[in-house]
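Architecture and fold: a report
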Amino acid sequence: MGRLTAHLPMAPRLVLIKADGSVSIHADDRAFKPLNWMNPPCKLKEDGPTWTVTHGKTGEKLVLTMDEILHDSSHELGVDPGLIKDGVEAHLQELLAEHISTLGEGYTLIRREFMTAIGPVDILCRDSSGATVAVEIKRRGEIDGVEQLTRYLELLNRDPLLAPVRGVFAAQEIKPQARVLAADRGIDCVTLDYAALRGIEPENPTLF
């Protein structure tokens, strides 16, 4: 079967060319979602008004025809610091790590902020059977959080020292749509009581 060919009519567009090589075309009515895009690795070749973006692995092409350039600017954004959790989410992570048995009897903590190639997993732990569990923590659990955990699980399950890894989506409030998606992905949902967690004595108290 041949590849799908799509065409956008001529109109004012925002074209973003990022340092990682990706190219995306945006309109004014789609929020963050582009009309079309090419993920890296790809190469951009300019030939007058025609810009051709070629994917380095698949050979797919994205061809842009520039009738007029209204604005052209370049900005160095530097190293991205990543997503920083707000105070409540960060404290939820800390409290759940201290009281990991909230997830179930026999759970043990491996570590908080377990780093992967696409960012840190909030908590990595083991259940009572010794199986690895990845926990994503949100104040408000929505579909985006389930998708994020799914991506982490795909990576973690490639590690023979950790696999099989299952997921737990933990939040103070979990939207019904997020629960449905999580169930479809084989991810467990846990509702966290922030006030109750704050009131529990630490499982490993210190003298100072």
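Along each chain, numbering runs from 1 in the same order as the chain's sequence is written. Under the rules for a predicted model, residues below a pLDDT of 70 receive no local features and side-chain atom pairs below 80 are neither given nor counted, while totals for whole chains, interfaces and linings still include all residues. With hydrogens and water set aside, each side-chain value is computed from the structure's full complement of heavy atoms.

- Identification of the protein as Endonuclease NucS from Nonomuraea dietziae is taken from an unreviewed UniProt entry.

1. Focus on the pattern of salt bridges
- When a carboxyl oxygen of Asp or Glu lies within 4 Å of a side-chain nitrogen of Lys or Arg, that pair is called a salt bridge. What the rule picks out here adds up to six salt bridges.
- The salt bridge involving arginine 166 is made with aspartate 127; its shortest N-O contact spans 3.6 Å. One end of the pair, arginine 166, is in strand β10 (residues 165–174); the other, aspartate 127, is in the loop between β8 (119–126) and β9 (132–141), and 39 residues separate them in sequence.
- A relative accessible area of 27% means that arginine 166 is categorised as partly exposed. Numbering of helices and strands runs from the N terminus; a helix is a DSSP stretch of H or I covering at least four residues, while a strand is a stretch of E covering at least two. Relative accessibility decides the category of a residue: with a 1.4 Å probe and only protein chains considered, values under 20% of the type maximum give buried, values over 50% give exposed, and everything between is partly exposed.

2. As for the pairing of β10
- Burial of β10 is extensive: seven of the ten residues sit out of reach of the surface.
- By definition, two strands form a pair when at least two bridges between them are found by DSSP. Where β9 meets β10, nine bridges bridge the pair, whose relative direction is parallel. Across the sheet, the residue bridging to glutamate 136 is phenylalanine 169, located in β10.
- The definition of a right-handed crossover adopted here requires that, viewed with the strands pointing away, the path from the first strand over the helix to the second runs clockwise. Taken together, β9, helix α2 (residues 143–156) and β10 constitute a β-α-β crossover, and its handedness is right-handed.
- Where β10 and strand β11 (residues 188–191) come together, four bridges link them in parallel fashion.

3. Description of the sheet that holds strand β1 (residues 14–17)
- Read across the open sheet, the three strands follow the order β1-β2-β3; overall the sheet is antiparallel. Each edge of the open sheet carries a strand with a single partner, namely β1 and β3 (36–38). In this sheet, neighbouring strand axes are inclined to one another by 10° on average, regardless of whether the strands run parallel or antiparallel.
- With three bridges joining them, strand β2 (residues 23–26) and β3 adopt antiparallel strand pairing. When the bridges of β3 are listed, isoleucine 25 appears paired with asparagine 36. A fitted line through C-alpha atoms represents every axis, and for helices the fit uses only the stretch in contact; the resulting angles, taken between N-to-C directions, go from 0 to 180 degrees.

4. What about the pairing of β8?
- Extensive coverage of β8 is indicated by the burial of six of its eight residues.
- Note: strand β7 (residues 108–116) against β8, seven bridges, orientation antiparallel. Directly across from arginine 112, in β8, lies its bridge partner isoleucine 123.
- What sits between the antiparallel neighbours β7 and β8 is a turn of two residues.
- For β8 and β9, the ladder comprises four bridges, and the chain directions are antiparallel. Looking across to β9, one finds that cysteine 125 is bridged to valine 133.

5. Here's the deal with α2
- A rise of 1.5 Å per residue sets the reference length of α2, with its 14 residues, at 20 Å; its end C-alpha atoms lie 20 Å apart and thus fit the reference within 8%.
- Turning to α2, its buried residues are Gly145, Val146, Gln148, Leu149, Thr150, Tyr152, Leu153 and Leu156. One less than the residue count of a helix, multiplied by 1.5 Å, gives the span that helix is expected to have.

6. Here's the deal with the environment of asparagine 39
- Counting through the fold element by element, asparagine 39 comes out in the loop between β3 and β4 (42–47).
- For the pair formed by asparagine 39 and valine 53, sequence separation is 14 residues and the distance between their alpha carbons is 10.0 Å.
- Note on contacts: a residue pair is in contact if any heavy atoms of the two residues lie within 4.5 Å. Apart from the residues within four sequence positions on either side, asparagine 39 is in contact with Ser22 and His55.

7. Brief notes about the nonpolar core
- To form a nonpolar core, buried Ala, Val, Leu, Ile, Met, Phe, Trp, Tyr and Cys residues must be joined to one another through side-chain atoms within 4.5 Å. The biggest cluster of nonpolar side chains holds 18 residues, and the ones touching the most others in it are Leu96, Leu103, Ile123, Cys125, Val135, Ile137 and Leu192.
- Those elements that place two or more of their residues in this core are α1 (87–98), β8, β9, β10 and α4 (194–199).
- No other element matches the four residues that α1 contributes to this core.
- Valine 135 has contacts with Leu96, Leu103, Val121, Asp122, Ile123, Cys125, Val168 and Ala170, leaving out every residue within four places of it along the chain.
- In terms of nonpolar packing, the next biggest core, distinct from the first, is built from 17 residues, Val121, Leu153, Ala178 and Ile187 among them.

8. Observations regarding unusual backbone geometry
- Going from proline 40 to proline 41, the amide bond is cis rather than trans, its omega being 5°.
- Alanine 163 connects to proline 164 through a cis peptide bond whose omega is -5°.
- Position of proline 164 among the secondary structure elements: in the loop between α2 and β10.
- Within the chain, glutamate 113 stands out as a residue other than glycine whose phi angle is a positive 50°.
- Mapped onto the secondary structure, glutamate 113 falls in strand β7.
- For glutamate 113, a relative accessible area of 33% gives the class partly exposed.

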